[in-house]
Amino acid sequence: MSTETGESFTFAVLSDTHIFDKAPADLDIDAYKQYQTSRMYWDTNERFLAAAERVNELHPDFVIITGDMIDHISPENILLYNQLSRVLSAPIFPVIGNHDNTSMTIYKKPDGEIDVQWNLAEPNERAKFRSGIFPDGKFNYSFSRNGFKFIIVNNAEDVSILEQLSWLESELRSGSDGKTFIFNHVPLKTPATTETIRRVWAGNESLVMGNSEPQFELLHAYNSKIACIFSGHLHTFSDDMVEGLRQVVCPMTVQSPDSFLLCICNAGGGWDYT
Ligand SMILES: [Fe+2]
Ligand SMILES: [Fe+2]
């Protein structure tokens, strides 16, 4: 694949890898194993590596991970993510998830403060544009490839919604018609996401952020620009169209080695995924 101007390119979308250190300090390992196994998987690290191998076989030009890269914030988990994610051959663009910030942590410094340290990891050499794991340490950022625009939005933690919407609108304005992708961690509320929440998450509506509606309204106003909104968080795939906006919720990558999407953007401006 090539990323020369006007040529087609591909990108893989992974989600909810929930990588974590299996021997955290000061925790009873048996209780920890029981806790983690009751929530999801004990072997997310190994499952991530198996999926990464499949992704590498497809040679995407880059990878986007739609959040929950790690299971909870701790220096060990961030360093482990940085180490394991290097197995992916392509550069990675991460989206911050609720498990990647202080709202979901079992780690606290001795003084009780929670310390978010995504920038403690060394940058991945293959991603020259990056400073640390997030570009310039920012959780809201964008980049362009061959006329397509990729806007990465932090909707997984408390942010100044007005400030963020103003930033998002300026990013949308400069995107090309039908060639702008939005990446959230938390999906916008749509019939498909409501159905997933009912079926998989016992109707827990808090899994769709309150900020969903203002963002949806803004994206709707720029409908003509948007190719697709991708997200994760629900650990279950869905693809639906609401008022002309398409939203794809990516499956949880560690469920099986094939639980990721491969998207192709072609020279004519079209796109699709498998
Ligand atoms: Fe998750
Ligand atoms: Fe999440």
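Residues numbered from 1 in each chain as written. Chains lettered and ligands numbered in written order. Predicted model: local features only at pLDDT ≥ 70, side-chain atom pairs only at ≥ 80, totals over all residues. Heavy atoms only, no water.

1. Section: the overall build of the protein chain
Put simply, the rule is: Each helix is a run of DSSP H or I of at least 4 residues and each strand a run of E of at least 2, with the numbering of both proceeding from the N terminus. Each residue gets one of three labels from its accessible area relative to the maximum for its type: buried under 20%, exposed over 50%, partly exposed in between, using a 1.4 Å probe on protein chains only. Residues count as neighbours in contact if any of their non-hydrogen atoms are within 4.5 Å of one another. Using a 1.4 Å probe, accessible areas were evaluated by the Shrake-Rupley method; residue-level cover was limited to the displayed protein chains.
On a plain count of helices and strands, the protein chain comes out with six helices and 11 strands. Burial statistics for the protein chain: of 274 residues in total, 52% are counted as buried. In the protein chain, 72% of the contacts between residues at least 6 apart in sequence involve partners at least 24 apart. Surface accessibility of the protein chain: about 11,900 Å² in total, with carbon and sulfur atoms responsible for 50%.

2. Quick word on the coordination of the iron ion (ligand 1)
As a reminder of what qualifies: The donor set comprises N, O and S atoms within 2.8 Å of the metal, extended to 3.2 Å for Na, K and Ca; water molecules are omitted, so apparent gaps in a site may simply reflect that omission. Every geometry call rests on angle ranges, with four donors termed tetrahedral when all angles are between 85 and 135 degrees, four termed square planar and six termed octahedral when opposite donors are over 155 degrees apart and all others are between 65 and 115, and everything else termed irregular.
Note on the iron ion (ligand 1): its protein donors are Asp16 (OD), His18 (NE2), Asp68 (OD) and His235 (NE2). The metal-donor distances range over 2.1 to 2.2 Å. One can describe the site at the iron ion (ligand 1) as irregular: its four donor atoms subtend angles covering 86 to 165 degrees at the metal. In primary sequence terms, the donor set of the iron ion (ligand 1) follows D-x1-H-x49-D-x166-H. Here the iron ion (ligand 1) and the iron ion (ligand 2) are spaced 3.5 Å apart, and both take Asp68 as a donor. Taken as a pair, Asp68 in the loop between strand 2 (62-65) and helix 3 (75-85) and His235 in the loop between strand 7 (226-231) and strand 8 (238-242) lie far apart in primary sequence, 167 residues in all. A single burial state applies to Asp68 and to His235, both of which are buried.

3. Considerations on the packing of aromatic side chains
The criterion, for reference: Only Phe, Tyr and Trp rings take part, Trp by its six-membered ring, and two of them pair if their centres are within 6.5 Å. Stacked means planes under 30 degrees apart, edge-to-face means over 60, and tilted covers everything else. By definition, being over a ring means that NZ of Lys or CZ of Arg is both within 6 Å of the ring centre and within 35 degrees of the ring normal.
The full count for this structure, using the stated rule, is 27 aromatic pairs. Ring geometry for Phe230 and Trp271: centres 6.0 Å apart, planes at 70 degrees, overall edge-to-face. Placement of Phe230 in strand 7 and of Trp271 in strand 11 (residues 271-273) is noted, with a sequence separation of 41 residues between them. For the pair Phe230 and Trp271, one class covers both residues: buried. Lying across the ring of Tyr41, Arg47 places its NZ or CZ 3.8 Å from the centre. Looking at Lys179, its charged tip hangs above the ring of Phe148, at a distance of 5.1 Å from the centre.

4. Section: helix 4 (residues 161-173)
Since the α-helix turns once every 3.6 residues, residues separated by three or four places project in the same direction. Keep this limit in mind: Expected span of a helix: the number of residues minus one, times 1.5 Å. By arc we mean the arc of the directions from the helix axis to the C-beta atoms, nothing more.
Taking 1.5 Å per residue, 13 residues should reach 18 Å; helix 4 reaches 18 Å between its end C-alpha atoms and fits that length. Buried within helix 4 we find Gln164, Leu165, Leu168, Glu171 and Leu172. Viewed end-on, helix 4 has its buried residues packed into an arc of 120 degrees, placing them on one side of the element. Pointing more than 90 degrees away from the buried face of helix 4 are the exposed residues Leu162, Glu163 and Arg173. Against the buried residues of helix 4 lie strand 4 (141-145), strand 5 (148-152), strand 6 (180-183), helix 6 (212-221) and strand 7.

5. Considerations on the nonpolar core
For the record, the criterion: Side-chain atoms within 4.5 Å are what join buried Ala, Val, Leu, Ile, Met, Phe, Trp, Tyr and Cys residues into a set we call a nonpolar core.
Ranked by size, the top nonpolar core spans 52 residues in total, and within it Phe11, Trp118, Phe150, Phe181, Phe183 and Phe230 carry the most contacts. When residues in this core are grouped by element, the largest group, five residues, is from strand 1 (residues 9-14). Leave out the neighbours within four places in its chain, and Phe181 touches Phe11, Phe148, Lys149, Phe150, Ile151, Ala227, Cys228, Phe230, Cys265 and Trp271. Of all hydrophobic cores here, the second largest spans 15 residues; its members include Ile151, Leu165, Ile226 and Ile229.

6. So, the packing of helix 4 against helix 6
Selection rule: For helices, the axis comes from a line fit to the C-alpha atoms of the stretch in contact; other axes are also lines fit to C-alpha atoms, and the angle between any two N-to-C directions lies between 0 and 180 degrees. Note on terminology: angles under 35 degrees are roughly parallel, angles over 145 are roughly antiparallel, angles of 65 to 115 are roughly perpendicular, and the others are oblique. By convention the crossing between two helices is left-handed if the near helix lies anticlockwise of the far one by an angle smaller than a right angle, and right-handed if it lies clockwise. Nonpolar residues are Ala, Val, Leu, Ile, Met, Phe, Trp, Tyr, Cys and Pro. Charged residues are Asp, Glu, Lys and Arg, and all others, Gly as well, are polar.
Viewed as axis vectors pointing N to C, helix 4 and helix 6 meet at an angle of 20 degrees, and their least axial separation amounts to 11 Å. In terms of their interaxial angle, helix 4 and helix 6 are classed as roughly parallel. Judged by the twist between their axes, the crossing of helix 4 over helix 6 is right-handed. Residues Leu165, Leu168, Glu169 and Leu172 of helix 4 pack against Pro214, Gln215, Leu218 and Leu219 of helix 6. Of the residues belonging to the contact of helix 4 with helix 6, the class tally is six nonpolar, one polar and one charged.

7. Details of the sheet that holds strand 5
Selection criterion: In short, DSSP must find at least two bridges between two strands for them to pair.
Spatial strand order, 4-5-6-7-9-8: six strands in an open sheet with mixed pairing. In the strand order of this sheet, the two ends are held by strand 4 and strand 8, each with one partner. Direction aside, neighbouring strands of the sheet carry axes that sit 20 degrees apart on average. Where strand 5 meets strand 6, four bridges bridge the pair, whose relative direction is parallel.

8. Looking at the sheet that holds strand 11
Strand-to-strand pairing in sheets goes through backbone hydrogen bonds, with the strands running parallel or antiparallel. Spatially, the five strands line up as an open sheet ordered 3-2-1-10-11, and their pairing is mixed. At either margin of the open sheet sits one strand with a lone partner, and together these are strand 3 (92-94) and strand 11. Geometrically, the sheet is characterised by an average inter-axis angle of 20 degrees between neighbouring strands, direction not taken into account. With four bridges connecting them, strand 1 and strand 2 associate as parallel partners. Opposite Leu14, over in strand 2, you have Ile65 as the bridge partner.

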